[in-house]
Amino acid sequence: AVGMAKDDMLCGWYFQVFWTTLAMIILAMLQWRLLSHMRTIFVQRERLAREARQDPLTGLANRRRFDEWAKGTCNLAQRHQQPLCVMTLDLDFFKKINDSYGHDGGDAVLRCVGNVLQGLLRGSDIAARFGGEEFVVAMAHTEVELANKVAESIRASFAAQEVEFNGQQIRFTASIGLTQMTPGELEMSDGIHAALARADQALYRSKQEGRNRVTIAHSTMPMNHSAAIA
């Protein structure tokens, strides 16, 4: 009788251990699936947040991300009395590129522009695509003289690129307008857009004077500081 009772107790204990272990395994699997699901949701949210602030073709910032960057950076520049320069870029005769090579060829050029800008700018700078072949760049802690050297490097790098597309090489250039934000613009909530409008005027002058050049716009009259098309 004692032996039978002992066997019954052991059988009950084994049975309890089995179901407890099975329950723990099921619980662990449910927890793993929950964590995996939460991680998937987190990754998707991060991707959506990044895509909401990034141009999908070039990998550069979009207008929304640029405005967010400008708000904080302009406040810091105004508070610490630091210079901040902006430039606008427009690819020359981009319609001809699309007409000659199709929109896929034009997209290849735009991707090249994004790669060049990211390679030449500092981590504290920002480059954004505002639409089509129009780009903007902002450089914190940068006087206009240094910004002009950066703009010239960008212009020269564009002119030296040979974009491979369907066995053909696409060449392109860009016209650039550059300006330094004034103290008054740094204090304004939309001061950077006023500076961009002035840089646009300089860009239009670059177009009128032969393209493939950098024109600096001061607070009064723009001045050309680069070579014409070779």
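Just so you know, these numbers come straight off a predicted model, no measurement behind them. (Residues numbered from 1 in each chain as written. Predicted model: local features only at pLDDT ≥ 70, side-chain atom pairs only at ≥ 80, totals over all residues. Heavy atoms only, no water.)

Some remarks on the overall build of the protein chain
So, step 1. Scanning the protein chain from terminus to terminus reveals six helices and eight strands.
So, step 2. The order of helices and strands in the protein chain, counted from the N terminus, is α-α-β-α-β-β-α-β-β-β-α-α-β-β.
So, step 3. Taken over 230 residues, the protein chain has a buried fraction of 38%.
So, step 4. For the protein chain, contacts bridging at least 24 residues in sequence account for 63% of all contacts bridging at least 6.
So, step 5. Summed over all atoms, the accessible surface of the protein chain reaches about 13,800 Å², with 57% contributed by carbon and sulfur. (Helix = DSSP H or I, 4+ residues; strand = E, 2+ residues; numbered from the N terminus. Buried < 20%, exposed > 50% of the residue type's maximum accessible area, 1.4 Å probe, protein only. Contact = heavy atoms within 4.5 Å. Areas by Shrake-Rupley, 256 points an atom, 1.4 Å probe, with all protein chains shown as cover.)

Comments concerning a nonpolar patch on the surface
So, step 1. Together, F15, F18 and W19 make up an exposed nonpolar region whose accessible area comes to about 370 Å².
So, step 2. As for its placement among the helices and strands, F15 is situated in helix α1 (residues 2-52).
So, step 3. F15 gets classed as exposed once you look at its relative accessible area, which sits at 53%. (Patch = residues over 30% accessible without salt bridge, like charges linked within 9 Å, V, L, I, M, F, W, Y side chains within 5 Å. Salt bridge = Lys/Arg side-chain N within 4 Å of Asp/Glu carboxyl O.)

Let's talk about the pattern of salt bridges
So, step 1. For the structure on display, the rule yields eleven salt bridges.
So, step 2. E68 serves as the salt-bridge partner of R64, at 3.7 Å between the closest nitrogen and oxygen. Of this pair, R64 and E68 both sit in helix α2 (residues 63-80), four residues apart, which is roughly one turn of the helix.
So, step 3. Taken together, the salt bridges that share partners define one network made up of D90, D92 and K207.

Focus on the pairing of strand β7 (residues 214-217)
As a general feature of sheets, a regular strand has side chains that alternate between the two faces.
So, step 1. By the alternation rule, side chains of β7 split into V214 and I216 and T215 and A217, which are all buried.
So, step 2. Inspection of the sheet shows strand β6 (residues 174-180) paired to β7 by three bridges, in the parallel sense. Looking at the pairing, G177 lines up with T215 of β7. (Pairing = 2+ DSSP bridges.)

Details of helix α3 (residues 94-120)
So, step 1. For α3, spanning 27 residues, the distance from its first C-alpha to its last is only 22 Å, which falls clearly below the expected 39 Å at 1.5 Å a residue.
So, step 2. Considering bend angle alone, the principal kink of α3 is centred on Y101 and spans about 125 degrees. (Expected span 1.5 Å × (residues − 1). Bend = angle between axes of the 7 residues up to and from the residue.)

Some words on helix α4 (residues 144-160)
So, step 1. Its 17 residues place the ends of α4 24 Å apart at the C-alpha level, agreeing with the 24 Å of an ideal helix rising 1.5 Å per residue.
So, step 2. All buried positions along α4 are accounted for by V144, A147, N148, A151, E152, I154, R155, S157 and F158.
So, step 3. Those residues of α4 hidden inside the fold are in contact with β1 (84-91), α3, β3 (134-140), β6 and β7.

Section: the packing of α2 against helix α6 (residues 191-208)
So, step 1. Where α2 meets α6, the closest approach of the two axes is 10 Å, and the angle between their N-to-C directions is 110 degrees. Judged on the interaxial angle alone, α6 and α2 are roughly perpendicular. Contacts from F66, D67, A70 and C74 in α2 reach I192, H193 and L196 in α6. (Axes fitted to C-alpha atoms, helices over the stretch in contact; angles between N-to-C directions. Parallel < 35°, antiparallel > 145°, perpendicular 65-115°, else oblique.)

What to know about the environment of A202
So, step 1. Mapped onto the fold, A202 is located in helix α6.
So, step 2. Judged by its relative accessible area of 0%, A202 falls in the buried class.
So, step 3. Separated by 27 residues in the primary sequence, A202 and S175 place their C-alpha atoms 9.3 Å from one another.

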